[in-house]
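# Commentary on secondary and tertiary structure
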Amino acid sequence: FVDEFNEADDWIELYNASSEPIDIGNLYVTDNLNAKLKHLILPGAGKTQIAPNQYKILWADKQVGQGPWHLNFKLSADEEAVGIYQQIGGDVFKLDEVAFQDQYAGVTFSRIPNGNGPFINTSQPTPGESNIFEVIAGIENDFGGVDIFPNPAEEIVYVKASTPLPKILVYNSV
């Protein structure tokens, strides 16, 4: 998935689950939950509105000169967080925030079910569309090769690793 400059940058997807348009102009986005006002989404005469049941992609590429949807920070593949906030007067209100563990190529961190479920890793990125859960069949990472099988599975899932794993998290999206 690439931006309008054909660059495969990290991205954050916002989803409007309401029945009314929302305007994200004058909201703040950050990758540092201690610096909530890191990046202001500039208001833009209707261009910052997200229609009901629609999506907006924000590019975490530290290239704000590329347009209003490009943020002044990049995401790290290591533990990271993302938050979106609104400032009213001197008060800052959390609209949403999420912290996540190490990320790997070919893996996306999505709300399953779409828009209201918990965030989980899935192998099916769906920018601009409803999130889909797809089992990650294997991830090559710092611990060596990891295989998860069978895929798909109904009751039992086996995990085979070339070296001991410090932790395994298992989610059931059903």
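Residues numbered from 1 in each chain as written. Predicted model: local features only at pLDDT ≥ 70, side-chain atom pairs only at ≥ 80, totals over all residues. Heavy atoms only, no water.

## Topic: the overall build of the chain
Helix and strand counts for the chain stand at zero helices and 13 strands. For the chain, the succession of helices and strands along the chain, N to C, is β-β-β-β-β-β-β-β-β-β-β-β-β. Scored against the burial criterion, the 174 residues of the chain give a buried share of 31%. When the accessible surface of the chain is summed, it comes to about 10,900 Å², and 51% of that surface belongs to carbon and sulfur atoms. (Helix = DSSP H or I, 4+ residues; strand = E, 2+ residues; numbered from the N terminus. Buried < 20%, exposed > 50% of the residue type's maximum accessible area, 1.4 Å probe, protein only. Areas by Shrake-Rupley, 256 points an atom, 1.4 Å probe, with all protein chains shown as cover.)

## Re the nonpolar core
Ile12, Val29 and Leu58 are the most contacted members of the largest nonpolar core, which has 19 residues in total. Contributions of two or more residues to this core are made by strand 1 (10-15), strand 3 (27-30), strand 6 (55-60), strand 7 (80-88) and strand 8 (91-100). When residues in this core are grouped by element, the largest group, four residues, is from strand 6. Beyond its immediate sequence surroundings of up to four residues, Val29 is in contact with Ile12, Lys38, His39, Ile41, Leu58, Leu71, Phe73, Val82, Gly83 and Ile84. (Core = buried A, V, L, I, M, F, W, Y, C linked by side-chain atoms within 4.5 Å. Contact = heavy atoms within 4.5 Å.)

## Side note on the packing of aromatic side chains
All told, the structure shown has five aromatic pairs when counted by the stated rule. An angle of 25 degrees between the planes, with centres 5.2 Å apart, marks the rings of Phe1 and Trp59 as stacked. Placement of Phe1 in the segment before strand 1 and of Trp59 in strand 6 is noted, with a sequence separation of 58 residues between them. According to the relative accessible area criterion, Trp59 is buried, its value standing at 5%. When the ring of Phe109 is compared with that of Phe119, the centres are 5.4 Å apart and the planes differ by 20 degrees; the resulting orientation is stacked. With Phe109 in strand 9 (residues 108-111) and Phe119 in strand 10 (residues 119-122), the pair connects residues that are ten residues apart, well separated along the chain. Aromatic ring contacts, followed pair by pair, group Phe1, Trp11 and Trp59 into a single cluster. (Phe/Tyr/Trp six-rings, centres within 6.5 Å; stacked < 30°, edge-to-face > 60°.)

## Digging into the sheet that holds strand 3
Adjacent strands of a sheet pair through backbone hydrogen bonds, lying either parallel or antiparallel. If you walk across this open sheet you meet the four strands as 4-3-7-8, and the pairing is antiparallel. The open sheet has two free edges, formed respectively by strand 4 (39-40) and strand 8, since each of these has just one partner strand. Pairing geometry for strand 7 and strand 8, over nine bridges, is antiparallel. By the bridge assignment for strand 8, Gly83 is matched with Glu97. (Pairing = 2+ DSSP bridges.)

## Things to note about the pattern of salt bridges
For the structure on display, the rule yields two salt bridges. A salt bridge links Lys38 to Asp31, with the nearest nitrogen and oxygen atoms 2.6 Å apart. Given the relative accessible area of 34%, Lys38 is considered partly exposed. (Salt bridge = Lys/Arg side-chain N within 4 Å of Asp/Glu carboxyl O.)

## A short note on the side chain of Thr108
Considering the arrangement of structural elements, one finds Thr108 in strand 9. Of the residues examined, Thr108 reaches a relative accessible area of 12% and is grouped as buried.

## Brief notes about the confidence of the model for the chain
In this model, the chain carries a mean pLDDT of 84, and residues with pLDDT of at least 70 account for 84%. No element of the chain has a lower mean pLDDT than strand 11 (residues 138-141), which averages 46, and none a higher one than strand 3, which averages 97. For the stretch residues 139-144, pLDDT sits under 50, and the model shows 15 contacts to residues farther than four places along the chain or on other chains. (pLDDT = per-residue confidence, 0-100.)

## Brief notes about a nonpolar patch on the surface
Taken together, the side chains of Val157, Val159 and Ile168 make up a nonpolar region of the molecular surface, amounting to roughly 250 Å² of accessible area. One can find Ile168 in the segment after strand 13 (158-161). Among the residues examined, Ile168 registers a relative accessible area of 48% and is labelled partly exposed. (Patch = residues over 30% accessible without salt bridge, like charges linked within 9 Å, V, L, I, M, F, W, Y side chains within 5 Å.)

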